[in-house]
Amino acid sequence: KAPLSKSLLLVPSAISILLTLLFQHYQKFFAYNLQAIKEDFQIWRLVCGRTICLDLKDTFCSSLLIYNFRIFERRYGSRKFSSFLLGAWMLSALFDLLLVEIAQYIFGITINSLPSGFLGPVFALFVPFYSSIPRVQVTQVLGHFSITNKTLVYILGLQLLTSGSYIWILALSGLVSGICYNSSILKVHRILCVPSWVAKIFSWTLEPIFSSAEPTNEVRVGMGATVDIQRQQRMELLDRQIMMSQVAQMRRQRQQQGGMINWNRLFPPLRHRHNANYQDHRPSEQGTPPPTEVSEEQVARLMEMGFSRGDALEALRASNNDLNVATNFLLQH
């Protein structure tokens, strides 16, 4: 369900490896030479220099990041994902030139070339990754440092950031472009987007090449998790099925009695959390307050991760509309 991510993962990486091992004399055409762009107006260098990495370390790190960021193509669709990449690519190209001029004007640093590759949009994807992907704790190191499902991605980004001398310019321009594209105030996403007819052409031609069928021998898991969390989910699948069957049985019993499910009694981890439906942790049987209003946006986020609407509603109500707690609860049960 991520043909664009697969194409960005395979095609540029293959070209980068071929240029490094077999066709070194063609690498000059893929260099991100700012001097040639500004003085000789070689605009084609923007396309070549900002698409293919000439450093295999950058290729490896950016490929792993694209693999982790494929969740956005699954969540938003290929057209919206490609629109984000296109907008971030164009905005980051503009910010690259501006930051180089600012560095020369303030610090007197003359920068004639920058690291090549599809790095600006990759750094721009950290903006929606930080803001929209729930943080789920996996373990702790030395009892103080939390390891979450997002830690590995941030480590890869830090590794990519420290791989070159001027790559901080690409990282800063990518983050700024991601913020600008994600911002609802600037409305950049309405201007820099892939037309529907272009998306249809690519869906007819390239999508059959890079798309693959959904595995039939594996169970569906939450898309908001990393590979390690997905393995943990498979291991805990039996426990979750047993727990959900108990919830369904209790729901039927309570519906027959005209009451609501006492989630605090069923799930002790949520017992000590403040809940508007249960004051002083002693629910009243005589006058039950109305259920907590659940945000449809948070329900949609949980459903995009692979959970059913009923489970999402019950988890959000039990956690008092806390998305992180509800996500963590659903992943562990």
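These figures come from a predicted structure and were not determined experimentally.

### Structural notes on the UniProt feature "transmembrane region" (unreviewed entry) in the protein chain
Within this numbering scheme, the UniProt entry marks residues 6-23, 84-107, 113-131 and 152-176 as carrying the feature "transmembrane region" (unreviewed entry). Annotation note: span residues 6-23, helix share 89%, strand share 0%, distance between end C-alpha atoms 24 Å. End C-alpha to end C-alpha, residues 84-107 measures 32 Å, and it is 100% helix and 0% strand.

### Side note on the packing of aromatic side chains
Using the criterion set out here, one finds eleven aromatic pairs in the structure. Summarising the aromatic geometry, the rings of Phe-84 and Tyr-181 are spaced 5.3 Å apart at their centres and angled 85° between planes, so their arrangement reads as edge-to-face. Of this pair, Phe-84 sits in helix α6 (residues 78-107) while Tyr-181 is found in helix α10 (residues 167-182), placing the two residues 97 residues apart along the sequence. Overall, the relative accessible area of 8% leaves Phe-84 in the buried class. In this structure Tyr-181 comes out as buried when scored by relative accessible area, which is 7%. With a centroid separation of 5.6 Å and 75° between ring planes, the pair formed by Phe-129 and Tyr-154 is classed as edge-to-face. Within this pair, whereas Phe-129 is found in helix α8 (residues 126-132), its partner Tyr-154 is found in helix α9 (residues 151-161), the two being separated by 25 residues in sequence. On the accessibility criterion, Tyr-154 (33% relative accessible area) is partly exposed. By the ring-pair criterion, three or more aromatic residues cluster together here, those being Phe-69, Phe-72, Tyr-76, Phe-123, Phe-126, Phe-129 and Tyr-154. Sitting above the plane of the Tyr-67 ring, Arg-70 keeps its charged end 3.9 Å from the centroid. One cation-aromatic arrangement involves Lys-150 over Phe-129; the distance from NZ or CZ to the ring centre is 5.1 Å.

### Regarding the confidence of the model for the protein chain
Averaged over all residues, the pLDDT of the protein chain equals 77, while 73% of them reach at least 70. Mean pLDDT values for the elements of the protein chain range from 45 in helix α16 (residues 263-266) up to 93 in helix α7 (residues 119-124). Taken as a whole, residues 221-225 scores under 50 in pLDDT and shows 17 contacts with residues more than four places along the chain or in a different chain.

About the criteria used
Residues numbered from 1 in each chain as written. Predicted model: local features only at pLDDT ≥ 70, side-chain atom pairs only at ≥ 80, totals over all residues. Heavy atoms only, no water. UniProt positions renumbered as here; feature names shortened; annotations may be inferred. Helix = DSSP H or I, 4+ residues; strand = E, 2+ residues; numbered from the N terminus. Phe/Tyr/Trp six-rings, centres within 6.5 Å; stacked < 30°, edge-to-face > 60°. Buried < 20%, exposed > 50% of the residue type's maximum accessible area, 1.4 Å probe, protein only. Lys NZ or Arg CZ within 6 Å of the ring centre and 35° of its normal. pLDDT = per-residue confidence, 0-100. Contact = heavy atoms within 4.5 Å.

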